[in-house]
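# Notes for the structure review
Chain by chain, the residues run as shown.
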Amino acid sequence: MKKGEVVVDEILCLGCGYCAEFCPTKSIVISKERFSPQGHLLPEFTDPENCKACGICAWMCPHFAIEVYQSEGE
Ligand code: SF4
Ligand code: SF4
(Lines give C-alpha, C1' and ligand atoms only; values in the text may rest on other atoms or scores of the structure.)
(Ligands and ions follow the chains in the order given, each with its own letter.)
Protein backbone atom coordinates (compact mmCIF):
# COMPACT_ATOMS: atom_id res chain seq x y z
CA MET A 1 0.00 0.00 0.00
CA LYS A 2 1.24 3.47 -0.83
CA LYS A 3 2.33 5.68 2.05
CA GLY A 4 3.26 9.31 2.05
CA GLU A 5 5.64 11.68 3.67
CA VAL A 6 4.63 15.34 3.66
CA VAL A 7 7.15 18.15 3.97
CA VAL A 8 6.03 21.73 4.46
CA ASP A 9 8.24 24.66 3.52
CA GLU A 10 7.81 26.89 6.57
CA ILE A 11 8.94 29.98 4.67
CA LEU A 12 6.46 29.60 1.79
CA CYS A 13 3.48 28.54 3.97
CA LEU A 14 1.02 31.32 4.77
CA GLY A 15 -1.16 29.24 7.08
CA CYS A 16 -4.32 29.26 4.95
CA GLY A 17 -5.30 25.75 6.07
CA TYR A 18 -6.39 24.40 2.67
CA CYS A 19 -4.05 21.41 2.97
CA ALA A 20 -5.64 20.33 6.25
CA GLU A 21 -9.15 21.09 5.06
CA PHE A 22 -8.88 18.94 1.93
CA CYS A 23 -6.78 16.03 3.22
CA PRO A 24 -9.16 13.05 2.92
CA THR A 25 -7.55 11.18 5.82
CA LYS A 26 -6.98 14.18 8.11
CA SER A 27 -3.30 13.29 8.26
CA ILE A 28 -2.35 16.94 8.26
CA VAL A 29 -3.78 19.51 10.67
CA ILE A 30 -3.11 23.15 11.39
CA SER A 31 -1.11 23.54 14.55
CA LYS A 32 -2.42 25.54 17.47
CA GLU A 33 1.07 26.54 18.59
CA ARG A 34 3.70 26.17 15.86
CA PHE A 35 4.31 29.37 13.91
CA SER A 36 6.25 30.09 10.74
CA PRO A 37 8.97 32.76 10.79
CA GLN A 38 6.35 35.20 9.40
CA GLY A 39 3.93 34.35 12.22
CA HIS A 40 1.52 32.00 10.45
CA LEU A 41 0.22 28.85 12.14
CA LEU A 42 1.85 25.91 10.41
CA PRO A 43 0.38 22.63 9.24
CA GLU A 44 1.59 19.54 11.06
CA PHE A 45 1.81 16.06 9.58
CA THR A 46 0.27 14.33 12.57
CA ASP A 47 -0.97 11.05 11.14
CA PRO A 48 1.59 9.62 8.70
CA GLU A 49 0.19 6.10 9.18
CA ASN A 50 -2.98 7.11 7.36
CA CYS A 51 -1.44 9.30 4.66
CA LYS A 52 -2.09 7.72 1.24
CA ALA A 53 0.37 9.91 -0.67
CA CYS A 54 -2.56 11.17 -2.75
CA GLY A 55 -0.97 14.59 -3.21
CA ILE A 56 -4.18 16.53 -2.65
CA CYS A 57 -2.60 18.68 0.04
CA ALA A 58 0.15 19.73 -2.37
CA TRP A 59 -2.31 20.42 -5.20
CA MET A 60 -4.49 22.54 -2.94
CA CYS A 61 -1.65 24.64 -1.58
CA PRO A 62 -1.75 28.03 -3.31
CA HIS A 63 1.82 28.78 -2.27
CA PHE A 64 3.56 25.59 -3.46
CA ALA A 65 4.71 24.98 0.09
CA ILE A 66 4.11 21.21 0.23
CA GLU A 67 6.07 18.31 -1.19
CA VAL A 68 4.64 14.80 -0.98
CA TYR A 69 6.99 11.83 -1.15
CA GLN A 70 5.74 8.36 -1.82
CA SER A 71 6.94 5.07 -0.47
CA GLU A 72 5.63 1.55 -0.51
CA GLY A 73 4.34 0.50 2.92
CA GLU A 74 3.47 -3.04 3.96
S1 SF4 B 1 -0.81 13.26 0.61
FE2 SF4 B 1 -3.06 13.03 0.73
S3 SF4 B 1 -3.42 11.76 2.56
FE4 SF4 B 1 -1.31 12.52 2.69
S5 SF4 B 1 -1.46 14.39 3.95
FE6 SF4 B 1 -1.60 15.00 1.76
S7 SF4 B 1 -3.80 15.06 1.31
FE8 SF4 B 1 -3.52 13.91 3.20
S1 SF4 C 1 -2.23 25.00 1.95
FE2 SF4 C 1 -0.06 25.63 1.80
S3 SF4 C 1 -0.02 27.74 2.53
FE4 SF4 C 1 -1.96 26.84 3.19
S5 SF4 C 1 -1.55 26.06 5.29
FE6 SF4 C 1 -1.20 24.37 3.87
S7 SF4 C 1 1.02 24.44 3.39
FE8 SF4 C 1 0.44 26.42 4.29
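Scroll up a little and you will see the structure.
Quick summary incoming for the structure in this document. In this text, all values refer to a predicted model and were calculated from it rather than measured experimentally. (Residues numbered from 1 in each chain as written. Chains lettered and ligands numbered in written order. Predicted model: local features only at pLDDT ≥ 70, side-chain atom pairs only at ≥ 80, totals over all residues. Heavy atoms only, no water.)

### Section: the overall build of the protein
Along its length, the protein carries two helices and four strands. The helix and strand sequence of the protein, counted from the amino end, reads β-α-β-β-α-β. By the compact-globule yardstick of 11 Å for 74 residues, the protein fits well, its C-alpha radius of gyration being 12 Å. With respect to the principal axes defined by its C-alpha atoms, the protein has extents near 40 × 20 × 20 Å. In the protein, which comprises 74 residues, the share counted as buried stands at 27%. Taking all contacts inside the protein whose residues are at least 6 apart in sequence as the whole, residues at least 24 apart take part in 60%. (Helix = DSSP H or I, 4+ residues; strand = E, 2+ residues; numbered from the N terminus. Rg over C-alpha atoms; globule rule 2.2 N^0.38 Å. Buried < 20%, exposed > 50% of the residue type's maximum accessible area, 1.4 Å probe, protein only. Contact = heavy atoms within 4.5 Å.)

### Concerning the site of ligand 2
Taken together, 13 residues surround ligand 2, and among them Cys-13, Cys-16, Gly-17, Cys-19 and Cys-61 come closest. When its residues are assigned to classes, the shell around ligand 2 shows 10 nonpolar, three polar and no charged. (Near = heavy atom within 4 Å. Nonpolar A, V, L, I, M, F, W, Y, C, P; charged D, E, K, R; others polar.)

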